[in-house]
Amino acid sequence: MLRALIPACSTQILAQKSLIQPCQSTIVRNLTKFSLRKAKRKSVKAVIKRFLRLDWGIWIRTRAGRNKRIWRKSPAQKYRARQHVFCNATQSNLLDKMAGSYYRKPKHFVDDLYRPYHSRESFSKTARKPKEWDL
């Protein structure tokens, strides 16, 4: 019934438009495997700017959209927006590959805000202090 109302030329136009797919933006993470001068792998600068690697191997990041529309957020949302988030093991493995060996080594800064988070004493594999025995 509706096909009779639509002229034949417009159905051809509709068919042509359906063949054209919308441009989908893909995330590009350019990792230079070999630099031209020293033939070394280069770090991805976006990873260095956005993430921080703790000494025990996990990467942390801030929440997305933490500075957007703050006037509209409730106090609880503002508090959560200021928190940092752990990356999972797969993401940390990928970020390790994207960052150079310099960024993977532990750094020691004066008055480091993240000092309490660089050690993971609750997990036996990464604990540095000996566990106290209660006898």
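On a predicted model such as this, the values are computed, not experimentally measured, just so you know. (Residues numbered from 1 in each chain as written. Predicted model: local features only at pLDDT ≥ 70, side-chain atom pairs only at ≥ 80, totals over all residues. Heavy atoms only, no water.)

Q: Before we move on, can you summarise the side chain of serine 43 with the specific residues and values?
A: Here serine 43 is to be found in the loop between α2 (8-19) and α3 (45-50). Among the polar contacts listed, one links the side chain of serine 43 to the backbone nitrogen of glycine 100, at a separation of 2.8 Å. (Helix = DSSP H or I, 4+ residues; strand = E, 2+ residues; numbered from the N terminus. Polar contact = N/O pair within 3.5 Å; in protein donor to acceptor, adjacent residues only side chain to side chain.)

Q: I'd like a rundown of a positive patch on the surface, residues and numbers included.
A: A surface patch of like charges, here positive, comprises Arg37, Lys42, Lys45, Lys49 and Arg50. Its place among the elements puts lysine 49 in helix α3. The exposure class assigned to lysine 49 is exposed, which follows from its relative accessible area of 73%. (Patch = residues over 30% accessible without salt bridge, like charges linked within 9 Å, V, L, I, M, F, W, Y side chains within 5 Å. Areas by Shrake-Rupley, 256 points an atom, 1.4 Å probe, with all protein chains shown as cover. Salt bridge = Lys/Arg side-chain N within 4 Å of Asp/Glu carboxyl O. Lys, Arg positive; Asp, Glu negative; His and termini not counted. Charge placed at Lys NZ, Arg CZ, Asp CG, Glu CD. Buried < 20%, exposed > 50% of the residue type's maximum accessible area, 1.4 Å probe, protein only.)

Q: If you had to explain the pairing of strand β2 (residues 59-62) to someone new, which residues and values would you point to?
A: Bridge count for strand β1 (residues 51-53) against β2 is 3 bridges, and the pairing is antiparallel. Within β2, the residue paired with leucine 52 across the bridge is isoleucine 60. Joining the antiparallel neighbours β1 and β2 is a turn of 5 residues, in which glycine 57 adopts a positive phi near 105°. Relative to strand β3 (residues 84-86), β2 runs antiparallel, the two sharing 3 bridges. Each residue of the ladder has a partner; that of isoleucine 60, found in β3, is phenylalanine 86. (Pairing = 2+ DSSP bridges.)

Q: Give a description of the pattern of salt bridges that names residues and reports values.
A: Per the counting criterion, the structure on display carries 1 salt bridge. Of the charged contacts, one joins arginine 53 and aspartate 96 as a salt bridge, the two residues approaching to 2.9 Å between their closest N and O atoms. Residue arginine 53 is located in strand β1, and its partner aspartate 96 is located in helix α5 (residues 89-98); the two are separated by 43 residues in the primary sequence. Like aspartate 96, arginine 53 is buried.

Q: An account of the sheet that holds β3 is needed here, citing residue identities and associated values.
A: The strand order β1-β2-β3 describes an open sheet built from 3 strands, whose pairing is antiparallel. Single-partner strands in this sheet number two, and they are β1 and β3. Neighbour to neighbour, the strand axes of the sheet diverge by 30° on average, direction disregarded. (Axes fitted to C-alpha atoms, helices over the stretch in contact; angles between N-to-C directions.)

Q: Go over unusual backbone geometry, please, and point to the residues and values.
A: For alanine 39, which is not glycine, the phi torsion reads 55° and is therefore positive. Assignment of secondary structure puts alanine 39 in the loop between α2 and α3. Here the phi dihedral of arginine 69 falls at roughly 50°; this positive angle occurs in a residue that is not glycine. Position of arginine 69 among the secondary structure elements: in the loop between β2 and α4 (75-81).

Q: Let's hear about the packing of aromatic side chains: which residues, and what values?
A: Tallied over the full model, the rule gives 2 aromatic pairs. Taken together, a centroid distance of 5.9 Å and an interplanar angle of 70° make the contact between tryptophan 56 and phenylalanine 86 edge-to-face. Linking tryptophan 56 in the loop between β1 and β2 with phenylalanine 86 in strand β3, this pair joins segments that are 30 residues apart in sequence. Over the face of the ring belonging to tyrosine 102 we find lysine 107, whose NZ or CZ atom lies 4.3 Å from the ring centre. (Phe/Tyr/Trp six-rings, centres within 6.5 Å; stacked < 30°, edge-to-face > 60°. Lys NZ or Arg CZ within 6 Å of the ring centre and 35° of its normal.)

The quantities given are spatial measurements derived from coordinates; they are silent on function.
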